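# Structure assessment
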Amino acid sequence: MFKLMDRVDRQHILPDGDLSSEGREVWGKLSKNRKLDFYRWMIRVRTFDRRAVILQRQGRIGTYAPLEGQEAAQVGSALALSEEDWIFPSYREHGVAMIAGMPLTKILLYWMGRVEGNLAPTGVRLLPPYVPIATQMPQAMGAAWASRLKRESSIAVAYFGDGATSEGDFHEACNFAGVFRLPVIFLCQNNHYAISVPFTRQSAVPTVAERAAAYNIRGIRVDGNDVLAVYTAMEEAVSCARNGEGATLIEAVTYRKGAHTTADDATRYREPAEVEEWVRNRDPIFRLEKLLKTEGLLTEAEIREWEEHCAEKVEQAVKEAESSLAPPADHLFAHVYETLPPELRRQQAELSQEGKQDG
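About the thresholds
Residues numbered from 1 in each chain as written. Predicted model: local features only at pLDDT ≥ 70, side-chain atom pairs only at ≥ 80, totals over all residues. Heavy atoms only, no water. UniProt positions renumbered as here; feature names shortened; annotations may be inferred. 1 Å grid on protein atoms, 1.4 Å probe; cavity = no way out; pocket = protein on both sides within 12 Å on 5 of 7 lines; lining within 4 Å. Points joined across faces, edges and corners; volume = space filled by probe spheres on them. Helix = DSSP H or I, 4+ residues; strand = E, 2+ residues; numbered from the N terminus. Nonpolar A, V, L, I, M, F, W, Y, C, P; charged D, E, K, R; others polar. Pairing = 2+ DSSP bridges. Axes fitted to C-alpha atoms, helices over the stretch in contact; angles between N-to-C directions. Buried < 20%, exposed > 50% of the residue type's maximum accessible area, 1.4 Å probe, protein only.

The protein is annotated in an unreviewed UniProt entry as Pyruvate dehydrogenase E1 component subunit alpha of Kroppenstedtia guangzhouensis. In its Cofactor (unreviewed entry) section, the UniProt record describing the protein reads: "thiamine diphosphate".

Here it is, written out as structure tokens:
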């Protein structure tokens, strides 16, 4: 019934919380702190995401792109990167942004329409969210090419959804990266739908990963709700990129629990049985939580304590964002054109005159 999960190259933590044979070997090599890092970050990301949806419904932030259900794909991949690496996100990578070092307050400011939300702290190599589909892919490829030319060890990572694979930018970035063996990773979070269009209507081939062969780059299809599988796939891709072995296309098969954005109604194009299967039986946090409990690394008391801690941090960020000084009205004319067109200059002058009269 749900064919997208029928073929994955890698699955370590099974949906019921058990480990596969390969997963047991990989899991046994990780430290306790790393195992708990997976869980703590996933809880923090989900806590933020749920609060952001509520804020949007209350009219306190603008249209928002939820990520619940995709925490493993984001946390597993981001934890495999280093501070020197360049990250080119789409509009749904709030979890990746957090791990990269973007403060929660700034993430909220972005969704409030504030320019400050685009500015990463010094030393954080995170680009602003890209809303036009797939435009970040050639730019990530370009950053990787620059790293190669400058003989740096940094790599570039582009995050995108399955809908981006229907864009020409996807082909151009993969092709160029393949020809020049660039240190770049293309990570597709295949959540089944490009807004309302199912993947089966976007692609004649059944997977994203198999397209890698056309560009002579590695392609890996992984269970995107399995944080350990995503982490190991990303580690391998990072190692290959740093060692001059070229690009990797990773397809993390996952599912968004909610709508494409808060302006979307997913019930119009998704069957309830499909949503139920993914949300109830394949949840990324449930399987990891069960595994950690089985190993004696996590207790119910520790779960509640961490959930409360994350909720407090999110609320603190909400207060900070909402207490920020309102931007001046003439910000409407900034950050788009280097030289304003005549019509916008006229409007700016009118706004300035109105301000003087009000004063």
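Let's shift gears to empty space enclosed by the protein. One pass over the structure, following the stated rule, counts two cavities of 30 Å³ or more. Reported here for the largest cavity is a volume of approximately 160 Å³. Forming the walls of the largest cavity are 18 residues, and the residues nearest its centre are Glu-93, Ala-97, Ile-107, Leu-126 and Pro-129. Of all elements in the fold, only helix H4 (94-100) and helix H5 (104-111) reach the threshold of two or more residues within the lining of the largest cavity. Take the lining of the largest cavity: its biggest share by element is four residues, from H5. Classifying every residue of the lining of the largest cavity by side-chain character gives eleven nonpolar, four polar and three charged. In this structure, the second largest cavity encloses a volume near 80 Å³. Forming the walls of the second largest cavity are Arg-46, Glu-68, Gly-69, Asn-225, Tyr-255, Arg-256, Lys-257, Trp-278, Val-279, Arg-282, Asp-283 and Pro-284. Residues of the lining of the second largest cavity, tallied by class, amount to four nonpolar, two polar and six charged.

Another point: the sheet that holds strand E2 (residues 156-161). Ordered in space as E1-E2-E3-E7-E6, the five strands form an open sheet in which the pairing is parallel. Bordering the open sheet on either side are strand E1 (86-88) and strand E6 (218-223), each of which pairs with just one other strand. Across the sheet, the axes of successive neighbouring strands diverge by a mean angle of 20 degrees, strand direction being ignored. The pairing of E2 with strand E3 (residues 184-190) spans six bridges and is classified as parallel. Residue Val-157 lies in a different strand from E3, and its bridge partner there is Ile-185.

On the UniProt side, "domain: Dehydrogenase E1 component" (unreviewed entry) is annotated at positions that read residues 40-327 here. Each end of residues 40-327 is marked by a C-alpha atom, and these two atoms are 34 Å apart; helix forms 44% of the span and strand 11%.

Moving on, we get to the layout of surface pockets. Of the pockets and cavities examined, the second largest pocket occupies roughly 280 Å³. Forming the boundary of the second largest pocket are 23 residues, of which Tyr-91, Ile-133, Gly-161, Gly-163 and His-260 lie nearest the centre. Of the residues assigned to the lining of the second largest pocket, the class counts are eleven nonpolar, eight polar and four charged.

Moving on, we get to unusual backbone geometry. Unusually for a residue other than glycine, Asn-216 sits at a positive phi of about 55 degrees. You can see Asn-216 is positioned in the loop between strand E5 (197-198) and E6. For Asn-216, a relative accessible area of 64% gives the class exposed. The phi angle at His-335 is positive, at roughly 70 degrees, despite the residue not being glycine. For His-335, the position within the fold is in the loop between helix H11 (300-322) and helix H12 (342-358).

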